[in-house]
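Observations on the three-dimensional arrangement
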Amino acid sequence: MDRIPILKLGGALIVTIQVDMHDRLALALEEDLTAMIARTGARGVLIEISALEIVDSFIGRMLVSIAAVSRMLDAETVVAGMRPAVAITLVELGLELTGIKTALNVERGMTLIQARLSEDHDRGSDLEGLED
Amino acid sequence: MKVSKTETLPVRSGDDVVRVRQRVRTLAVEIGLGLVDQTKIVTAASELARNTLDYGGGGDVRAEIVQAGIRKGLRLTFEDRGPGIADIEQALTDRFTTGRGMGLGLGGAKRLSNEFHIESTPGTGTRVTIARWK
Amino acid sequence: MDNCLAPTRGTAMAPIEGAPGSLKASNEYKDKLMTMDGAEVLAGTVTRDETAILDAWLAGLRAGASLQSGRIREAELQTQAKSVLAQFKDALAEGGPDADGEAYASLRETLAEISRSRAIQGFTPTDTANFVFALKEPIFEALRRAIGSDTPALAAGIVAAGKVLDQLGLHTTEVFLASREEVIGRQGQEIAELSTPVVRLWDGILALPLIGTLDSARTGVVMENLLQAIVDEEAEIAIIDITGVPTVDTLVAQHLLKTVAAARLMGADCIVSGIRPQIAQTMVHLGVELNVVSKATLADAFAVALKQTGRRVVRQQAVPAVERR
């Protein structure tokens, strides 16, 4: 079965969805991402969907549950590049992507994740300072 | 109302759902629907095709290009011979789900269409018809 | 209509059997006509008398209003009439007097084409339908020439001609109205687009000043324009200013909320500005809650947007004394 590749960049995982996903592929992606967050200790997940022509409730559910699982594993999920028509349709469908941050494009998405990473970093050095 | 084109597609596997989406997109482009309307009908078709597959145990979708006066439209009829829906009112309520979705399938498809019609007999099957007009 | 034609055929044949000698002036063709129903009479006559019919028709058209108005040249009218009559003749021979039939497909298309161009040239629907109706008289004349005094056959022919020409005339009117509706629809769309310009206030900050009443069709266009502009300009913040919107009902409020929600899904924030006191009051009474960042004026919203994008506005130098006064 095909799988969607996941790239690791620093403390972030990046996924670009380029195909019209059938449900099995979406479920496989969810599994792969979860496993990879646990394995790499990534703090941010960026899912780029500018090529997606529709997001139905199934894909929506997948995004929400990826975000929920990531949060439990202390990673933040950013969905980037949603098309206007897709956004309008999702709103009409009644789908709220709760717990998910959004960004206009990959660059903005990475900025959001970087901000989170450096915040963590600062907090980490504070703790070290306290221990001394 | 005139029907100028009819085709029937099977909904028996996850791949069929993808094929239905793609075919509906092509037909929506053919009748000149705008991008947002295309996206709406394709999304509605995706929800209903998945319902047909997951709850109805598979079935067919009939896609028709219809014309009333100068308005063209796309009409989709999803039919299965599954267990049927006992309480349609309840099934149309958001967040109601017996399966793995978010429970937005039927209600969502209704909101994304200009016309929505559902008939279901428990034990016999379900037929959902939606239409989107230009 | 077929019910009317059936007995006519019987009566038309009666004189031949009963008193063949009474048809003194008849020639061979006329004899043949006696045995036909209205449709065949009509088809035969149009085929045989095409040139005379065309001339009479053109004469009628020339006298009519459409040519006098100068909106169409005579040569164009002639070409149109000639091709319509030729196709009418073929259609009659092939499909009888049923203008909805398959045989009339190309004629209907030609007439539709003519109707559309008439609609664009500014003709009235009456002018357009008259183009076809003007063909009635020449055909009735031709039928009279061909059939002469045999009233039942003549009546049958006229009924058939009347029926088919009425259908065709109505068809032109229908196409005429349809193309007008198309024009109106397109204009509506254009107005909707023109009346909702998205302006760029700063890098990454857009404003959408809404003016006039919002209905759901217009709001759809507004929504799409704004969201597309957000993508094009890579905007972080969009300000929807409703100072120019006279009333906000539940539906409009819902549309605003949907736009804000869609922008959020794409990764941009929205601020609504310019909600007038009365509107705010109505909305509270209606139980509509605008769960979005809202500012009194566009200026306030802009200040918030600048702040949110990490910018600060400072005076470059001390304000001159005159202004300070």
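For clarity, every value in this text was computed on a predicted model and none was experimentally measured. (Residues numbered from 1 in each chain as written. Chains lettered and ligands numbered in written order. Predicted model: local features only at pLDDT ≥ 70, side-chain atom pairs only at ≥ 80, totals over all residues.)

1. Describing the overall build of chain B
- Counting its regular elements, chain B contains 4 helices and 5 strands.
- Reading the secondary structure of chain B in the N-to-C direction produces β-α-α-β-β-α-α-β-β.
- Expected size for 134 residues packed as a compact globule is a radius of gyration near 14 Å; at 14 Å, chain B falls within 12% of this value.
- Taken over the C-alpha atoms alone, chain B extends approximately 40 × 25 × 25 Å along its principal axes.
- Within the span of chain B, comprising 134 residues, buried residues form 43% of the whole.
- The contacts in chain B between residues at least 6 apart in sequence include a share of 65% that link residues at least 24 apart. (Helix = DSSP H or I, 4+ residues; strand = E, 2+ residues; numbered from the N terminus. Rg over C-alpha atoms; globule rule 2.2 N^0.38 Å. Buried ≥ 20, exposed ≤ 12 C-beta atoms within 10 Å, placed from the backbone. Contact = placed C-beta atoms within 7 Å.)

2. Topic: the overall build of chain A
- Across its full length, chain A holds 4 helices and 5 strands.
- Secondary structure elements in chain A, listed N-terminal to C-terminal, are β-β-α-β-α-β-α-β-α.
- Relative to the 2.2 N^0.38 estimate, which gives 14 Å for 132 residues, the radius of gyration of chain A is 16 Å and therefore close to what a compact globule would have.
- If one aligns the C-alpha atoms of chain A with their principal axes, the spans along those axes are about 55 × 30 × 20 Å.

3. Digging into the confidence of the model for chain B
- Of all residues in chain B, 92% have pLDDT values of 70 or greater, and the mean over the chain is 88.
- Model confidence for the complex: the whole-complex pTM is 0.70, and ipTM, which rates the interface, is 0.89. (pLDDT = per-residue confidence, 0-100.)

4. Regarding the interface of chain A and chain B
- Opposite the 19 residues of chain A that make contact, chain B presents 24 residues.
- Within the residue set of the side of chain A that touches chain B, elements represented by two or more residues are helix 1 (23-40), helix 2 (57-72) and helix 3 (84-93) of chain A.
- The element best represented in the side of chain A that touches chain B is helix 3 of chain A, accounting for 6 residues.

5. Side note on the sheet that holds strand 3 (residues 237-244) of chain C
All names here are of chain C.
- Spatial strand order, 1-2-3-4-5: 5 strands in an open sheet with mixed pairing. Pairing within the sheet leaves two strands with one partner each, and these edge strands are strand 1 (199-202) and strand 5 (293-295). Recorded for the sheet is a direction-independent mean angle of 30° between the axes of neighbouring strands.
- Judged from the 6 bridges that link them, strand 2 (residues 205-211) and strand 3 form a sheet pairing that is parallel. Each residue of the ladder has a partner; that of P209, found in strand 3, is D241.
- Packing against the sheet, helix 11 (residues 216-233) makes contact with strand 1, strand 2 and strand 3, and its axis sits at approximately 165° to strand 2.
- Set on the sheet, helix 14 (residues 298-308) makes contact with strand 1, strand 2, strand 3, strand 4 (269-273) and strand 5; between it and strand 3 the angle comes to about 175°. (Pairing = 2+ DSSP bridges. Axes fitted to C-alpha atoms, helices over the stretch in contact; angles between N-to-C directions.)

6. Observations concerning the sheet that holds strand 5 (residues 125-133) of chain B
Residue and element names in this part refer to chain B.
- Taken together, the 5 strands give an open sheet; going across it, the order is 1-2-3-5-4, and neighbouring strands pair in antiparallel fashion. Every other strand in the sheet has two partners, leaving strand 1 (2-11) and strand 4 (115-121) as the edge strands with one partner each. The average undirected angle you get between the axes of adjacent strands in this sheet is 15°.
- Pairing of strand 4 with strand 5 involves 7 bridges; the strand directions are antiparallel. Looking at the pairing, T121 lines up with G125 of strand 5.

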